[in-house]
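Survey of secondary and tertiary structure
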Amino acid sequence: MVFKVRCTTRVQQERFSNLSLADDPKMVMKSNRCNRCYLATLLISCLAFLAVGILIGYFVKDNTTPNDNETNPASGLTGQPSVEEAIRKILNRLDKSKIKENLRLYSSDTRMSGTPGGNELVHILEKSWKEAGIDSVKTTPYDVLMSYPNDTHPNKIQLMSGNTVLFESATAEKALDADSNKKTIVAPFNAFASAGVAEGDLVYVNYARIEDFMYLTKNLSMDLTGKVLIARYGKIFRGSKVENAQNHNASGIVMYTDPSDFNMAGEATYPKSWWMPDTGVQRGTVGPDGDFLTPFYPAKDYAYRKTEKDIAEFRIPAQPISYGDAEKFLRELNGVEAPPDWRGKLNITYRIGTGFSNASLRAKLIVNNFEEIRTIYNVIGYIKGSVEPDRYILLGNHYDAWVFGSIDPLSGTAALTEIIHSLGDMLKQGIRPKRTIVFCSWGAEEHGLFGSTEWVEEYMKVLYERSIAYLNVDYAADYNYVLTAGTSPLLQDTLYETTKLIANPDKTSSYKTLYDIWNKRAPGENGEPSVYYSLGSGSDMATFYQRAGVPSVDMWFTYNSDKWPILSYPVYHSAYETIYLYENYIDPDYSYNLAMAQLWSGMAWKLANDDLLKFDVRRYSTAITHFVSNLENKFSKSWHAQNVNIDALKSAAQNLTDSANKFQTYVKSASIKSAIDYRIINDKMIQFERAFIDPEGLPERRIYKHVIFAPSKYDSYSDNDFPGIVDTMFEIESNNVVDKWDQLKQQVSIATFTIQSAANTLDDVGL
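Here goes a summary of the coordinates provided. (Residues numbered from 1 in each chain as written. Predicted model: local features only at pLDDT ≥ 70, side-chain atom pairs only at ≥ 80, totals over all residues. Heavy atoms only, no water.)

1. Observations regarding the sheet that holds strand β15 (residues 467-472)
Quick reminder of the rule: Only strands that DSSP links by at least two bridges are regarded as paired with each other. Counting from the N terminus, the helices are DSSP H or I runs at least four residues long and the strands are E runs at least two residues long. Every axis in this analysis is a line fitted to C-alpha atoms, fitted for helices over the stretch in contact. Angles between the N-to-C directions lie between 0 and 180 degrees. Two residues qualify as a contact provided that any one of their heavy atoms is within 4.5 Å of a heavy atom in the partner residue.
Taken in spatial order, the seven strands make up an open sheet running β1-β12-β14-β13-β15-β17-β16, and their pairing is mixed. Because the sheet does not close on itself, it has two edges, and the strands there are β1 (136-148) and β16 (482-487). For this sheet, the mean inter-axis angle between neighbouring strands, taken without regard to orientation, is 20 degrees. Where β1 lies against strand β12 (residues 370-383), 13 bridges are found, and the strand directions are antiparallel. Looking at the pairing, Thr 140 lines up with Asn 378 of β12. Its contacts with the sheet put helix α5 (residues 116-131) on β1, β12 and β14 (435-442), and the angle it makes with β12 is roughly 10 degrees.

2. Focus on the packing of α5 against helix α10 (residues 410-428)
Rules: Any angle between 65 and 115 degrees counts as roughly perpendicular, while under 35 counts as roughly parallel, over 145 as roughly antiparallel, and the rest as oblique. Following the grouping adopted for this structure description, the nonpolar residues are Ala, Val, Leu, Ile, Met, Phe, Trp, Tyr, Cys and Pro, the charged ones are Asp, Glu, Lys and Arg, and the polar ones are all others, Gly among them.
Where α5 meets α10, the closest approach of the two axes is 9 Å, and the angle between their N-to-C directions is 20 degrees. The angle between α5 and α10 falls in the class roughly parallel. Across from Leu 121, Leu 125, Ser 128, Trp 129 and Glu 131 in α5, the residues of α10 making contact are Leu 410, Thr 413, Leu 416, Thr 417, Ile 420, His 421 and Lys 428. Of the residues in the contact of α5 with α10, the class split is six nonpolar, four polar and two charged.

3. Some thoughts on the packing of aromatic side chains
Our working definition: Aromatic rings from Phe, Tyr and Trp, with only the six-membered ring used for Trp, were paired whenever their centres fell within 6.5 Å, and each pair was classed as stacked if the ring planes differed by under 30 degrees, edge-to-face if by over 60, and tilted otherwise. Note on exposure labels: buried denotes an accessible area under 20% of the residue type's maximum, exposed denotes more than 50%, and partly exposed covers the range between, all computed with a 1.4 Å probe on protein chains only.
Scanning the model with the defined rule gives 38 aromatic pairs in all. Plain terms: the ring middles of Phe 192 and Phe 292 are 4.5 Å apart, the flat faces sit at 40 degrees to each other, and that makes the pair tilted. On the criterion of sequence distance, the pair formed by Phe 192 in the loop between β4 (190-191) and β5 (196-200) and Phe 292 in the loop between β9 (284-285) and β10 (318-321) is long-range, its members being 100 residues apart. On the accessibility criterion, Phe 192 (7% relative accessible area) is buried.

4. As for the sheet that holds strand β2 (residues 156-161)
Taking strand neighbours across the sheet as the criterion, the four strands line up as β3-β2-β11-β5 in an open arrangement whose pairing is antiparallel. In the strand order of this sheet, the two ends are held by β3 (164-168) and β5, each with one partner. Averaged over all pairs of adjacent strands, the angle between strand axes in this sheet comes to 25 degrees, irrespective of strand direction. Pairing between β2 and strand β11 (residues 361-367): six bridges, direction antiparallel.

5. Some words on the pattern of salt bridges
Convention followed: Between Lys or Arg on one side and Asp or Glu on the other, a salt bridge is scored when a side-chain nitrogen of the former is within 4 Å of a carboxyl oxygen of the latter.
Evaluated as defined, the whole model comprises 38 salt bridges. The partner of Arg 93 in a salt bridge is Asp 425, with the nearest N and O atoms 2.5 Å apart. Here Arg 93, found in helix α3 (residues 83-93), pairs with Asp 425, found in helix α10; they are 332 residues apart in sequence, far enough to count as distant. Two residues, Asp 135 and Arg 432, come together in a salt bridge whose shortest N-O distance is 2.7 Å. One end of the pair, Asp 135, is in the loop between α5 and β1; the other, Arg 432, is in the loop between α10 and β14, and 297 residues separate them in sequence. By relative accessible area, which is 37% here, Asp 135 ends up partly exposed. The network of salt bridges with common partners includes Glu 388, Asp 390, Arg 391, Arg 435, Arg 679 and Asp 683.

Laid out in structure tokens, this is it:
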């Protein structure tokens, strides 16, 4: 409450200005004395009024409620709308015609990082964000090792008979529309696959998972040394397929999109539908997260860099091809017939090999990729908070695409820019969030999360201390059916609450809100919509969550997987992911893209303005208790035989549950009288996620530091609960690595310590 006291009225001012005292000296002296008395009396009166005002303000302050934005000391400027009122303003301002305009512009050319098209989009975004009127916009450059195909010597796989080439895979996708005929389209390749030639017998390895290789080497006693492998895309990260092939001494690997996983064979294909045609090829990286040459540190001009010869990740050639081309090779394979669950939807008999039915045939894989250091850019925008400028809500999406990226990622980028313009309009109306909102458009995500990883590495210290949440949207929609969300348990309630404020984008449905239709189409436990907690490392939330311990969410709209049991949207990372595809088959009227913009911005505004964050730590303790129970059910017998201390792990989980319940009860009943009271409680909740970060990292994978959730060692797209424990047990059970029991005991001990430490952070003092 601000008091403005004026010591004279307008009438008094006029009276003083009209007096003429110069003619009578006595009158002047008398007037001076009167004036001095009058002014003294007036000053005393003003001070008295001020004192009364302060007392009134003090008592009013003590009796405010936490949600009163007019008087609450944590609420910033007076006269600001309530959180829900502001969200309604934002939602009403968001314009799907503007999102459409953005997406058409962004996907009008190819946008791979380190190329002219990618750099052009950086300038487009920077200019548009500045025009939105937010506080500041900047680009952050990083010099990272990138991988590209050789335009003059394209990659290919050949079917050879002696020195004669009987068949050769296409070096470019067939042009099926005006967009897919553009010269800027990059040739199909796997980034960071080693250049070289692999030649020899061909072996079909299904999805190239660990269990697939175990079937080949154990059940069929097959030696894969020197063989060229062919695998279908899906189930696990393509880089894990290459790593598994390399670990089994294969000379190279080819990957293709089988119709069973990306086409639903028998239906029309693009451009007559959204299904992948037999000429489509999925590009993608096979490398790990972050710049190869500067692990753990940002790729700045001052950085120490490893030499390229020191990189040991991938040493065999790898190349993607279409299923039309793959059929030519698979049809000729010799050997035993593949098991039923290895068979796709090609019109062939699936066989494993080794080699071809014609013994004179062999496969020859030629890869001419090259690596070089190039500068990539992030675009970062800021709206400074009015009350807690040192607390950050971050919204992130990458702008780089393998080709046009109308779905991945530019449907998300189009929404993000419209959000920025909406919040810029709020600023022009004098409406500012209490906490700082940061907008992040990442470069080179497709090559390996480069932009986000290098940025987090550069600002790790600040993010670790001050960040509240990271909200990731890799792309807004790959179909118009249901919301999918992976989230930290801490953000689950904010996610639910926000979806209840947003209209159902399906206008043919009787359900009113996004929450209602989500709960109908993806029901979970306890009558709530289904979410998953394991975020993996398939997008830019990975480094925030796995290394900085920032509570994160990743969300998008997708198809009905019960109707279409496919592994991703069909034309994923191909030249056919065009604006024509998006506007005809994905989200024709942009209703789902608009709903994602509303959800994304609504969550951000709530997190930036709620006096008390809606973080329920009991969701975390419930999840951990469930995970510990699963470990006991699965491994109890073998653990007791090896004296693994599971009882201590269970005790720590129970202690966390007790502390979480106690803390949540306190939060609900606490008498909050000042901004510092909110700050204390909020900081405990913010730091709670960080309590699960182990600075030493996971065994053999120090880059991953989250003890509860981290990508699987054998598939970085998916997570394990207690990854250090689960990965070690996999090695013990599947590979009979008996000397891993001591490592297992250590991982159980670390998990026990970490859970107990998290419990301590919720206590009043914690020491």
